[in-house]
Amino acid sequence: ISSYGSAPAVQVGSTAQTVSVGVVGTGENAYGFINRGAILGSGVYSGIDSTAVRIGVDGGLAVTIDGGLRNAGSITALANEGDASALVVGANATLATINNQSLIRALSAGEAANEAVAINYLAGAPGGTLVNSGTIGAYIQGEAGNATAIRDASGTLTSLTNSGIIEAVIAPTDATADQITGNTVAIDLSANTTGVTLIQEQVDPELDPTIGGDILL
């Protein structure tokens, strides 16, 4: 599923009615939203922001995804001189859990102070749990942009468990490392005032779990 421009590739929500999505099945299918393919949001043109998946819309009514979201494919946002957001959870969306087993990534290229955010819980979003055994990454090609892998602006995420890779990376295009002005934040939980559990554990003996970037608590 691909979107070329500013519209999300996949959007769940409505300004006219509430939306409730039931679970697909049981076990590995006990989620309302399961991605096993490839979802791409690409801004294409300079200055166009991109979004791959958005749960909830601005000014919309409540959205409930029973069981949460499981990603076993790829969710990617690409932008050129714009902001890139791979997965956005809006203020009116209830997503009990995000279980990433594969790839969620956001990439923004350019010289401006743009953002790349892989998973973004907006302020007011009812949080839950986040489990990562794949890769959650935010990448900036340039010097001034900010890369954030996971941001919880709602302050309501209760637990985050990582056995994969969470990384925020800036790759300068024409400057040395000491000229980089952007920030690399792997996990931003600074809005949380009630407490959150952060666990990193090795599940696969062939894979060392990694958090690359700042952790803001």
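Up top you'll find the structure we're talking about.
Being a predicted model, the structure only gives us computed values, none of them experimental. Position labels on residues start from 1 in each chain and follow its written sequence. Under the rules for a predicted model, residues below a pLDDT of 70 receive no local features and side-chain atom pairs below 80 are neither given nor counted, while totals for whole chains, interfaces and linings still include all residues. To get the side-chain values, all heavy atoms of the structure are used, and hydrogens and water are removed first.

### Notes on the overall build of the chain
Quick note on the threshold: Secondary structure elements are taken from DSSP: a helix is a run of H or I of four residues or more, a strand is a run of E of two residues or more, and numbering for both begins at the N terminus. Throughout, radius of gyration means the C-alpha value; the globule benchmark is 2.2 Å times the number of residues raised to the power 0.38. Residue burial is assigned from relative accessible area. The probe radius is 1.4 Å, only protein chains are included, and a residue is buried under 20% of its type maximum, exposed over 50%, and partly exposed in between. Note on contacts: a residue pair is in contact if any heavy atoms of the two residues lie within 4.5 Å. In this description, accessible areas are obtained by the Shrake-Rupley approach with a 1.4 Å probe, and a residue is regarded as covered only by the protein chains that are shown.
Assigned secondary structure in the chain consists of 0 helices and 23 strands. A compact globule built from 217 residues should have a C-alpha radius of gyration of about 17 Å, and the chain, at 16 Å, falls within 12% of that. Here the chain, with 217 residues, has 47% of them falling under the buried criterion. Residue pairs in contact within the chain that sit at least 24 positions apart in sequence constitute 79% of those at least 6 positions apart. Of the roughly 9,200 Å² of accessible surface on the chain, 50% is carried by carbon and sulfur atoms.

### A word on the sheet that holds strand β7 (residues 63-65)
To keep things clear, this is the line we draw: Pairing between two strands is assigned when DSSP locates at least 2 bridges connecting them. Only the stretch in contact is used when a helix axis is fitted, and all axes are lines through C-alpha atoms; the angle between N-to-C directions ranges over 0 to 180 degrees.
The 3 strands are arranged β3-β7-β11 in an open sheet whose pairing can be described as parallel. The open sheet has two free edges, formed respectively by β3 (19-21) and β11 (93-95), since each of these has just one partner strand. Taken over all neighbouring pairs, the strand axes of this sheet differ in orientation by 5° on average, direction set aside. As defined by bridge partners, β7 adjoins β11 across 3 bridges and the pair is classed as parallel. If you follow Ile65 over to β11, its bridge partner there is Leu95.

### Points about the sheet that holds strand β23 (residues 214-216)
In space, the 7 strands of this open sheet follow the order β2-β6-β10-β14-β17-β20-β23, with parallel pairing throughout. Single-partner strands in this sheet number two, and they are β2 (10-12) and β23. On average, each strand axis in the sheet is inclined to that of its neighbour by 15°, with strand direction left out of account. Relative to strand β10 (residues 84-89), strand β6 (residues 50-55) is paired through 5 bridges, and the arrangement is parallel. Within β10, the residue paired with Val53 across the bridge is Leu87.

### Focus on the pattern of salt bridges
Rules: A side-chain nitrogen of Lys or Arg and a carboxyl oxygen of Asp or Glu constitute a salt bridge if their distance falls within 4 Å.
Applying the stated rule across the entire model yields 3 salt bridges. Residue Asp58 is joined to Arg54 by a salt bridge in which the shortest nitrogen-to-oxygen separation is 2.7 Å. Looking at Arg54, the relative accessible area reads 14%, which means it is buried. Two residues, Glu115 and Arg151, come together in a salt bridge whose shortest N-O distance is 2.8 Å. Linking Glu115 in strand β14 (residues 115-121) with Arg151 in strand β17 (residues 146-152), this pair joins segments that are 36 residues apart in sequence. For Arg151, a relative accessible area of 18% puts it in the buried group.

### Examining unusual backbone geometry
Working note: non-glycine residues mostly have negative phi, and peptide bonds are mostly trans. Despite not being glycine, Val44 has its phi angle at roughly 65°, a positive value. Note on placement: Val44 falls in the loop between β5 (38-42) and β6. According to the relative accessible area criterion, Val44 is partly exposed, its value standing at 41%. Positive phi, close to 55°, is recorded for Glu81, a residue that is not glycine.

### Some details on the environment of Val169
Tracing the backbone shows Val169 in strand β19 (residues 165-171). For Val169, a relative accessible area of 33% gives the class partly exposed. Taking C-alpha positions, Val169 is 6.4 Å from Ala138, a pair spaced 31 residues apart along the chain. Once residues within four sequence positions are removed from consideration, Val169 is found in contact with Ala138, Tyr139, Ile140, Ala147 and Thr184.

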